[in-house]
Amino acid sequence: MSKARRLGVGGPVGTGKTTIIEALVKRLKDDYKIGVITNDIYTKEDANFLISENVLEEGRIIGVETGGCPHTAIREDASMNFEAIDALEDRFDDLDLIFVESGGDNLSATFSPELVDAAIYVISAAAGGDIPRKGGPGVTRSDMLVVNKMGLCPYVGVDPERLVEDTRRARDGRPFVMADMLEGKGLDEIIAWIKRDLMLENA
Ligand SMILES: Nc1nc2c(ncn2[C@@H]2O[C@H](COP(=O)(O)OP(=O)(O)OP(=O)(O)O)[C@@H](O)[C@H]2O)c(=O)[nH]1
Ligand SMILES: [Mg+2]
């Protein structure tokens, strides 16, 4: 039986899911033995990107090409992802942490609780300030919400303070981080949450 904890990373297309996984793996790979599974609808683009960036040795990254709707592969019929987890655990019997990136969704996808132990939902400030108010299960009920690309607020007419307030209201007490991966903003907070709430360290 595996002891690896499994962390889902979901959210709309292009919000920064793969970028966040890349940044997290670089910071966490000295502490934990890590594997990554990416779900793309039509390609293995994200897995190939992470492999090309030398984020981890190649065998630790598996790309799943789901076809069709991104929900299905992470919720209703997650068999392709369970197979990818089995394949990773056959190769490496000492994994501590497996990231599972969902295909980009439309604010409604959630991970099966059998597939992951916790899930991060990633939205982008560049998609507009009204996304937190639009809600959806990832925004309101994910274990952690990351509002990424905060540095783009001035270019897209988004008031960052109002975005924080709307996010706070949408989360209703649940954790969230305002982030920008190109500036490294928010990464420490996400890491602290992973260590405490997922890896159950007392840090
Ligand atoms: N300005 C800015 N760009 C970012 C940030 N995070 C990611 N990006 C860029 O946004 C683009 C999309 O990032 P990805 O990490 O591929 O997004 P994704 O959510 O994995 O995309 P899909 O898997 O296709 O849904 C890339 O060009 C990233 O470099 C950020 O915080 N600020
Ligand atoms: Mg991606």
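Every value quoted in this text rests on a predicted model; they were computed, and no experiment measured them.

Turning our attention to helix 8 (residues 187-198). With twelve residues, helix 8 should cover 16 Å at 1.5 Å per step; its first-to-last C-alpha distance of 15 Å lies within 8% of that length. Of all the residues in helix 8, the buried ones are Leu 187, Ile 190, Ile 191, Trp 193, Ile 194, Lys 195 and Leu 198. Here the buried face of helix 8 lies against strand 1 (5-10), helix 1 (17-28), strand 4 (97-101), strand 5 (118-124), strand 6 (144-148) and strand 7 (176-178). Just past helix 8, the residue Leu 200 takes up positive phi, approximately 60°.

On the surface, Leu 152, Tyr 155 and Val 156 cluster together to form a nonpolar patch covering roughly 310 Å² of accessible area. Considering the arrangement of structural elements, one finds Val 156 in the loop between strand 6 and helix 7 (160-171).

In this numbering, the UniProt entry assigns the feature "binding site: GTP" (unreviewed entry) to Gly 11, Pro 12, Val 13, Gly 14, Thr 15, Gly 16, Lys 17 and Thr 18. Turning to its location among the elements, Gly 16 is positioned in the loop between strand 1 and helix 1. Assessed through its relative accessible area of 11%, Gly 16 is described here as buried. Of the residues examined, Thr 18 reaches a relative accessible area of 10% and is grouped as buried. Ignoring any residue separated from it by four or fewer positions in sequence, one finds Thr 18 in contact with Asp 46, Phe 49, Leu 50 and Glu 101.

Moving on: the packing of aromatic side chains. How two aromatic rings sit relative to each other is given by the distance of their centres and the angle of their planes. Using the criterion set out here, one finds zero aromatic pairs in the structure. For the cation-ring pair, Arg 60 lies above Phe 92, with the distance from its terminal atom to the ring centre recorded as 4.0 Å.

Each pair of packed helices can be described by the angle between their axes along with the distance between the axes. Across the interface, helix 1 lies against helix 8 with an axial gap of 11 Å and an inter-helix angle of 65°. Taken together, the axis directions place helix 1 and helix 8 in an arrangement best described as roughly perpendicular. Both helix 1 and helix 8 take part in a crossing whose hand is right-handed. Counted together, Ala 23, Leu 24, Arg 27 and Leu 28 of helix 1 and Leu 187, Asp 188, Ile 190, Ile 191, Ile 194 and Lys 195 of helix 8 form the full contact between these two elements. Each residue belonging to the contact of helix 1 with helix 8 can be placed in one class, and the counts come to seven nonpolar, no polar and three charged.

This part covers the sheet that holds strand 2 (residues 34-40). Here seven strands make up an open sheet; going across it, the order is 3-2-4-1-5-6-7 and the pairing parallel. The open sheet has two free edges, formed respectively by strand 3 (61-65) and strand 7, since each of these has just one partner strand. In this sheet, neighbouring strand axes are inclined to one another by 20° on average, regardless of whether the strands run parallel or antiparallel. Where strand 5 lies against strand 6, five bridges are found, and the strand directions are parallel. Bridging across to strand 6, Val 122 finds its partner in Val 146. Along the sheet, helix 1 makes contact with strand 1, strand 2, strand 4, strand 5 and strand 6, crossing strand 4 at roughly 170°. Strand contacts of helix 4 (residues 79-91): strand 1, strand 2, strand 3 and strand 4, with the helix running at about 160° to strand 3, the strand carrying the most contacts.

Basis of the calculations
Here the residue numbers are simple positions, counted from 1 along each chain's written sequence. Just so you know, chain letters begin at A and ligand numbers begin at 1, following the order they were written in. With the structure being a predicted model, the display of local features is reserved for residues of pLDDT at least 70 and the display and counting of side-chain atom pairs for 80 or more, all residues being used for whole-chain, interface and lining totals. To get the side-chain values, take all heavy atoms of the structure and skip hydrogens and water. Helix and strand assignments follow DSSP, with helices taken as H or I runs no shorter than four residues and strands as E runs no shorter than two, numbered in order from the N terminus. A helix is expected to reach a length of 1.5 Å times the quantity of its residues less one. Throughout this description, buried means an accessible area under 20% of the type-specific maximum (1.4 Å probe, protein chains only), exposed means over 50%, and partly exposed covers the range between. Only heavy atoms enter the contact rule, under which two residues are in contact if any of them lie within 4.5 Å. Like-charged residues are merged into a patch within 9 Å and nonpolar side chains (Val, Leu, Ile, Met, Phe, Trp, Tyr) within 5 Å, provided each residue has over 30% relative accessible area and no salt bridge. A 1.4 Å probe and the Shrake-Rupley method give the accessible areas. Residues count as covered only by the protein chains that appear here. For this document, the term salt bridge refers to a Lys or Arg side-chain nitrogen within 4 Å of an Asp or Glu carboxyl oxygen. UniProt positions are given in the numbering used here, feature names are shortened, and annotations may be inferred rather than shown by experiment. Under the pairing criterion, centres of Phe, Tyr and Trp rings, with the six-membered ring standing for Trp, must be within 6.5 Å; the plane angle then separates stacked pairs below 30 degrees from edge-to-face pairs above 60, leaving the rest tilted. We count a charge as sitting over a ring when the NZ of a lysine or the CZ of an arginine lies within 6 Å of the ring centre and within 35 degrees of the ring normal. Note on geometry: axes are lines fitted to C-alpha atoms, helical ones only across the stretch in contact, with angles between N-to-C directions running from 0 to 180 degrees. We call two directions roughly parallel when the angle between them is under 35 degrees, roughly antiparallel when it is over 145, roughly perpendicular when it lies between 65 and 115, and oblique otherwise. Left-handed describes a crossing in which the near helix is turned anticlockwise from the far one by less than a right angle; the clockwise case is right-handed. Residues are grouped as follows: Ala, Val, Leu, Ile, Met, Phe, Trp, Tyr, Cys and Pro are nonpolar; Asp, Glu, Lys and Arg are charged; every other residue, Gly included, is polar. Strands pair, by our definition, only if DSSP identifies at least two bridges between them.

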